[in-house]
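Examination of the molecular architecture
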Amino acid sequence: MIAAPEIPTDFTLLQESETHFSSDTDFEDIEGKNQKQGKGKTCKKGKKGPAEKGKSGNGGGKPGGPNRMNGHHQQNGVENMMLFEVVKMGKSAMQSVVDDWIESYKHDRDIALLDLINFFIQCSGCKGVVTAEMFRHMQNSEIIRKMTEEFDEDSGDYPLTMAGPQWKKFKSSFCEFIGVLVRQCQYSIIYDEYMMDTVISLLTGLSDSQVRAFRHTSTLAAMKLMTALVNVALNLSINMDNTQRQYEAERNKIIGKRANDRLELLLQKRKELQENQDEIENMMNAIFKGVFVHRYRDAIAEIRAICIEEIGIWMKMYSDAFLNDSYLKYVGWTMHDKQGEVRLKCLTALQGLYYNKELNSKLELFTSRFKDRIVSMTLDKEYDVAVQAIKLLTLVLQSSEEVLTAEDCENVYHLVYSAHRPVAVAAGEFLYKKLFSRRDPEDDGILKRRGRQSPNANLVKTLVFFFLESELHEHAAYLVDSMWDCATDLLKDWECMNSLLLEEPLNGEEPLTDRQESALIEIMLCTIRQAAECHPPVGRGTGKRVLTAKEKKTQLDDRTKITELFAVALPQLLAKYSVDAEKVTNLLQLPQYFDLEIYTTGRLEKHLDALLRQIRDIVEKHTDIDVLEACSKTYHALCNEEFTIFNRVDIARSQLIDELADKFNRLLEDFLQEGEEPDEDDAYQVLSTLKRITAFHNAHDLSRWDLFGCNYKLLKTGIENGDMPEQIVIHALQCTHYVILWQLAKITESSSTKAFTILCDVLMIFSHQIMTGGRDMLEPLVYTPDSSLQSELLSFILDHVFIDQDDDNNSADGQQDDEASKIEALHKRRNLLAAFCKLIVYTVVEMNTAADIFKQYMKYYNDYGDIIKETMSKTRQIDKIQCAKTLILSLQQLFNEMIQENGYNFDRSSPTFSGIKELARRFALTFGLDQLKTREAIAMLHKDGIEFAFKEPNPQGESHPPLNLAFLDILSEFSSKLLRQDKRTVYVYLEKFMTFQMSLRREDVWLPLMSYRNSLLAGGDDDTMSVISGISSRGSTVRNKKTKPATGKRKVPEAEESSSSDSMWLNREQTMHTPVMMQTPQLTSTIMREPKRLRPEENYMGVYPMQPEHHQAPLDYNTQVTWMLAQRQQEEAARQQQERAAMNYVKLRTNLQHAIRRGTSLMEDDEEPIVEDVMMSSEGRIEDLNEGMDFDTMDIDLPPSKNRRERTELKPDFFDPASIMDESVLGVSMF
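With an unreviewed UniProt entry as reference, the chain is termed Cohesin subunit SA, source organism Calidris pygmaea. UniProt, in its Function (unreviewed entry) section for the chain, records the words "Component of cohesin complex, a complex required for the cohesion of sister chromatids after DNA replication. The cohesin complex apparently forms a large proteinaceous ring within which sister chromatids can be trapped. At anaphase, the complex is cleaved and dissociates from chromatin, allowing sister chromatids to segregate." Regarding the chain, the UniProt comment filed under Subunit (unreviewed entry) reads as follows: "Part of the cohesin complex which is composed of a heterodimer between a SMC1 protein (SMC1A or SMC1B) and SMC3, which are attached via their hinge domain, and RAD21 which link them at their heads, and one STAG protein."

Structure representation (structure tokens):
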């Protein structure tokens, strides 16, 4: 038996000064008193000769090959993986796995033990293997050091922390394997002083490792090993007690009947059991002192939690040995742990101890020492910890009520009002155990009594007293919900509550005070609401959940019980408390939870009439807004056309409203008489009647009483005279507000659709088209819708057109009717979309509003594809550039919607992103094959796309990509529509937004930038096509690689025209203000709108829009010509400078090549170095390299120079950026 951790042990393991596993002789029996044949460390070395080592056992228990012990890494690795793989898969029964290992251990225990050691190593995530050579000649510390060196620490994951269902199951399989291993070996193998000694030594050493994976895995294994040994020690203790009793019984017999042989046998058995128990105690002491004492305060919370969880199991399983202060102190100390996970394990461990009342005597000292800490943990910041702390105090309360003081209990009581439901429910159970679970002996005789004399009567009063003393009266619903699970019978005893309110008190019983009656009515209302709705109150819980069949049946039964009781009692309660506004307000809410059918089936119509009379009396007596609104809601609940009582209630309601309306009209005439000043009594009568009417108009449609005219007359008089009382004006405005709302509610869907169609037609008629045909005199009639109206029109289209088919179909008259209604509904939606698109095509609304239409092209292609495509075609005919800007805006909107839904770390292979790319591809196809016609529009599209991609910098710094960089992947779909020289111009514009670091990045997050750059560089080297002549680039000749480029033979005029055309929109961007990207209408777009712009004029080169006349005066013709001449002079000077630099560069490189040929023969096989082929493949490339570049610091990013013979023999380098950009890698079209 283990008395304390300080019990001396025979292990030299714990006495080493430097390490816990200093040598293979750590577990030798120094005194030699336990030496047995086949035991001890002498069996580890020299047990078998070399010829016998071939008989080895693997994880499956079958003999291995002859090379099993030779230390071959590959063979050992494959075989050693078997035990780990079997446990990881978890498909085999652990009993058979352990039996196979035991059979292998009997064949050759060195081999089997080596498999077990490698099993623990591999379970730690280490890929290293302990070979037989290492096992024979290296100490444990050296083996662990070797495994640490082979550990892959790049990844912090290891089997115990890996995600996925397989790895979650691995932990339980791992623990089960250790438990079954000890259980199967408990009768012989664990006592051979070899297997357990080696395993404990290994686990102790690993638990002291600096590698977290080793420490975590070995600690878990050691703790589970300890738990299994505790179970073995418990069985040994039971067997020893039984043997001792048998021995005493046999020895107490008379000499004639005593069996001496049996006495000797029992004595020998007891001696063997004692020896085994001593060995088990030594093993447990070694694990406890070598692992637990060090690891229960490990830096890793998971390791600390493992230790505390297992020591709780030990104390519960073998309380005689472990349940004492020497072990309890570790749990007490750890309750102050910084991590909630560890504190939670402490509380759950203690719950297992306090649950057994037989152990309470051993916990008294611990309770007195750590009780305050447990009470304080009820306010823990981790809700799970707080819940378990309250549950632990509940167990402490059940074990001994004297332990917790009144102050301790009050600290828990107030938690029933916590917003976190698990905490409140736990506190409610504690409250119930403390105040409501005790029953007096004299109550046993009145268990069958009901009502006021039932045993619950005193408990209901106690609940009322507690609610009032807590001084949180507005939280009765929270109190009821907290106790709902544990005190259901008490809270559903509505008959007792009703009796306490209606019946007179018994002899000697104190009646309830007015305050207590109010509290009881509020609690009763909360219990009825909880039973009828079956969900927690607002603010506690995540919302309504789906009820089970049993819960639904309970709900129906409770509603029936509530209705049968209070349909009779409610009129009596209202009559008794009719003058008390607070009580009446709560009581009038009860009919909302009735099953109204019971009024008819239960023959309770007379009680319904009584209820209606009481409500009418209350309306006449009270002017309090809460009371009147409660009456209105009660009428609304009772006026349900599904039930037969509707007519009866509707007649009563109509009579009441008739009287109120007549009275109001009569009072209003007297109140508004000319020449007379109204007195206070008349004003009060008007105000009180107006309050009643307003309260009812909130929940009921009173349109047939024409209240608008009366209120309008009242408000008009108040405005004219200025002496109307403020409260009358407020309620008159509120009543008028309700009149308008009820009228708006009657507007049907068809009415709104018709209004939209009419509005579109009106806007079309009174647009600028009205002046065509020389009708300029009609200009005053032209109406241009403002941005807010355009946004409303667009919102209507998005809400009523782009919807699922089922959302707009309400027909259920058969399949044919359903199909016909679907076709009809689709036809109506197409008409709505066509009406709005007509406004776009005729420029009645801004073209950028079409972005929200265009982005639906793919999703609703079958329904509206033809309309949207025709709209694109018409808008492109009107203004190519503005249409292109609208298309890119629609893609930006979809991109932003995807970001809002998935965040910036989205998967670029996701269906959403792929759908946007496919839409971009469809948009690109609509531009046709004539690139010259769409040249400027495509260039502007790329410009807007580049600006959008770099608009949002990454807050983490320039080393991270801009937030919208992935949009370049979408933009690359339009690269094929660029002319070759325009690709180069767009590439230059792209480089303005790039930093030097961006160009060097090759991570996956930068792939959109790399792919977009490659799409611009593809086919962009040949600039021989003349824009002026319109010759196709396909007809240009390919320059011979061995011929030097004739840079000096270029025709200057052609160069001027080409360069001027290529850089036209880029240079203009440098000298003019860059147009802002097209904006989106308010309320419908994911991009903020800026002030409205008119479409660009087509006369100014068709690239940048001219400002409208009302914004800025246009440039005159002379100014335009002067500016264009200045631009051409600047371009000519810059181009000549570039050509001179290129000529000098070529001459320099030519001289360098001749010098290389003269000085060395390394390149005799080549006439030129390959760098010539790369650098001089096109004339345009020199311009690209020299243009705008500082020649003092010129960086050229080129692949390594290879001669042609070497280049033909090279294999693809997949680490080269060029190979990364391969189409097969990116999966995108590179054009």
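Read on, since the account is not over.
With respect to the overall build of the chain
A tally of helices and strands in the chain yields 51 helices and 0 strands. Considering only intrachain contacts with a sequence separation of at least 6, the fraction spanning at least 24 residues in the chain is 74%.

Considerations on the pattern of salt bridges
As enumerated under the stated definition, the model contains 37 salt bridges in all. Put simply, Lys492 and Asp558 hold a salt bridge, and the shortest N to O gap is 2.8 Å. Residue Lys492 is located in the loop between helix H20 (488-491) and helix H21 (494-502), and its partner Asp558 is located in helix H23 (residues 549-576); the two are separated by 66 residues in the primary sequence. Its relative accessible area of 15% is what places Lys492 among the buried residues.

Comments concerning the packing of aromatic side chains
A ring pair, where both rings are aromatic, is described by two values, the distance of the centres and the angle of the planes. Counted under the stated rule, the structure contains 41 aromatic pairs. Residues Tyr296 and Tyr330 carry aromatic rings whose centres are separated by 5.0 Å and whose planes lie at 80 degrees to one another, so their mutual orientation is edge-to-face. Taken together, the residues span a long stretch of sequence, with Tyr296 in the loop between helix H9 (260-295) and helix H10 (301-317) and Tyr330 in helix H12 (residues 325-334) at a distance of 34 residues. There is no split in this pair, since Tyr296 and Tyr330 are both buried. Members of the aromatic cluster, each reached through a chain of ring pairs, are Phe288, Phe292, Tyr296, Trp314, Tyr318, Phe322, Tyr327, Tyr330 and Trp333. Looking at Arg922, its charged tip hangs above the ring of Tyr861, at a distance of 5.9 Å from the centre.

Quick notes on unusual backbone geometry
Positive phi outside glycine occurs at Glu193, with the angle close to 55 degrees. With respect to the helices and strands, Glu193 occurs in the loop between helix H6 (165-185) and helix H7 (195-207). Using a relative accessible area of 11% as the deciding quantity, one classes Glu193 as buried.

Brief notes about the side chain of Gln351
Along the chain, Gln351 turns up in helix H13 (residues 340-354). A polar contact is formed between the side chain of Gln351 and the side chain of Gln388, at a distance of 2.8 Å. With sequence-adjacent residues up to four places away left out, Gln351 is seen in contact with Gln388, Lys391, Leu392 and Leu395.

Some points on the confidence of the model for the chain
For the chain, mean pLDDT is 75; residues scoring 70 or higher make up 72% of the total. In this model, residues 810-814 is a region of pLDDT below 50 whose contacts with residues beyond four sequence positions or in other chains number 3 contacts. Taken as a whole, residues 1021-1125 scores under 50 in pLDDT and shows 185 contacts with residues more than four places along the chain or in a different chain.

Regarding a negative patch on the surface
Together, Glu669, Asp670, Asp679, Glu680, Asp681 and Asp682 line one region of the surface with negative charge. For the negative patch, the elements supplying multiple residues, two or more each, are helix H28 (646-671) and helix H29 (680-699). Looking at the negative patch element by element, the count peaks at 3 residues for H29. Looking at the element boundaries, Asp679 is found in the loop between H28 and H29.

Some remarks on a nonpolar patch on the surface
Among the surface-exposed residues, Phe708, Tyr712, Ile740, Leu741, Leu744 and Ile747 lie close enough to one another that they form a single nonpolar patch of about 570 Å² accessible area. Looking at the nonpolar patch, the elements that each hand over two or more residues are helix H30 (707-721) and helix H31 (726-745). Here the element with the most residues in the nonpolar patch is H31; it accounts for 3 residues. Along the chain, Phe708 falls in helix H30.

Considerations on the environment of Val403
Secondary-structure assignment places Val403 in the loop between helix H15 (383-399) and helix H16 (406-413). Overall, the relative accessible area of 27% leaves Val403 in the partly exposed class. For the pair Val403 and Lys371, spaced 32 residues apart in sequence, the C-alpha to C-alpha distance is 8.6 Å.

Re the environment of Leu1017
Inspection of the secondary structure assignment puts Leu1017 in helix H43 (residues 1007-1017). The class of Leu1017 is partly exposed, set by a relative accessible area of 37%. In the structure, Leu1017 is positioned 31 residues away from Val986 in sequence and 9.9 Å away in space, judged by C-alpha atoms.

Considering the packing of H21 against H23
Contact geometry of H21 with H23 gives a least axis separation of 11 Å together with a crossing angle of 5 degrees. Put simply, H21 runs roughly parallel to H23. Contacts between H21 and H23 involve Trp494, Glu495, Asn498, Leu501 and Leu502 on the former and, on the latter, Asp558, Lys561, Ile562, Leu565, Phe566, Ala569, Gln572, Leu573 and Lys576. Among the residues making up the contact of H21 with H23, the classes are represented as 8 nonpolar, 2 polar and 4 charged.

Remarks on helix H27 (residues 625-638)
Its 14 residues place the ends of H27 20 Å apart at the C-alpha level, agreeing with the 20 Å of an ideal helix rising 1.5 Å per residue. Of all the positions in H27, only Val627, Leu628, Ala630, Cys631, Ser632, Thr634, Tyr635, Ala637 and Leu638 are classed as buried. On its buried face, H27 is in contact with helix H24 (581-587), helix H26 (605-621), H28 and H29. For H27, the N-terminal capping position is held by Asp624, with its side-chain oxygen 3.1 Å away from the main-chain nitrogen of Asp626.

Let's talk about the environment of Gly945
Inspection of the secondary structure assignment puts Gly945 in helix H39 (residues 935-949). C-alpha of Gly945 to C-alpha of Ile970: the two residues are 25 residues apart in sequence and 9.0 Å apart in space. When sequence neighbours within four positions are dropped, the list of residues in contact with Gly945 reads Ile888, Gln892, Phe967 and Leu971.

Thresholds, definitions, all that
- Residues numbered from 1 in each chain as written.
- Predicted model: local features only at pLDDT ≥ 70, side-chain atom pairs only at ≥ 80, totals over all residues.
- Heavy atoms only, no water.
- UniProt positions renumbered as here; feature names shortened; annotations may be inferred.
- Helix = DSSP H or I, 4+ residues; strand = E, 2+ residues; numbered from the N terminus.
- Contact = heavy atoms within 4.5 Å.
- Salt bridge = Lys/Arg side-chain N within 4 Å of Asp/Glu carboxyl O.
- Buried < 20%, exposed > 50% of the residue type's maximum accessible area, 1.4 Å probe, protein only.
- Phe/Tyr/Trp six-rings, centres within 6.5 Å; stacked < 30°, edge-to-face > 60°.
- Lys NZ or Arg CZ within 6 Å of the ring centre and 35° of its normal.
- Polar contact = N/O pair within 3.5 Å; in protein donor to acceptor, adjacent residues only side chain to side chain.
- pLDDT = per-residue confidence, 0-100.
- Patch = residues over 30% accessible without salt bridge, like charges linked within 9 Å, V, L, I, M, F, W, Y side chains within 5 Å.
- Areas by Shrake-Rupley, 256 points an atom, 1.4 Å probe, with all protein chains shown as cover.
- Lys, Arg positive; Asp, Glu negative; His and termini not counted.
- Charge placed at Lys NZ, Arg CZ, Asp CG, Glu CD.
- Axes fitted to C-alpha atoms, helices over the stretch in contact; angles between N-to-C directions.
- Parallel < 35°, antiparallel > 145°, perpendicular 65-115°, else oblique.
- Nonpolar A, V, L, I, M, F, W, Y, C, P; charged D, E, K, R; others polar.
- Expected span 1.5 Å × (residues − 1).

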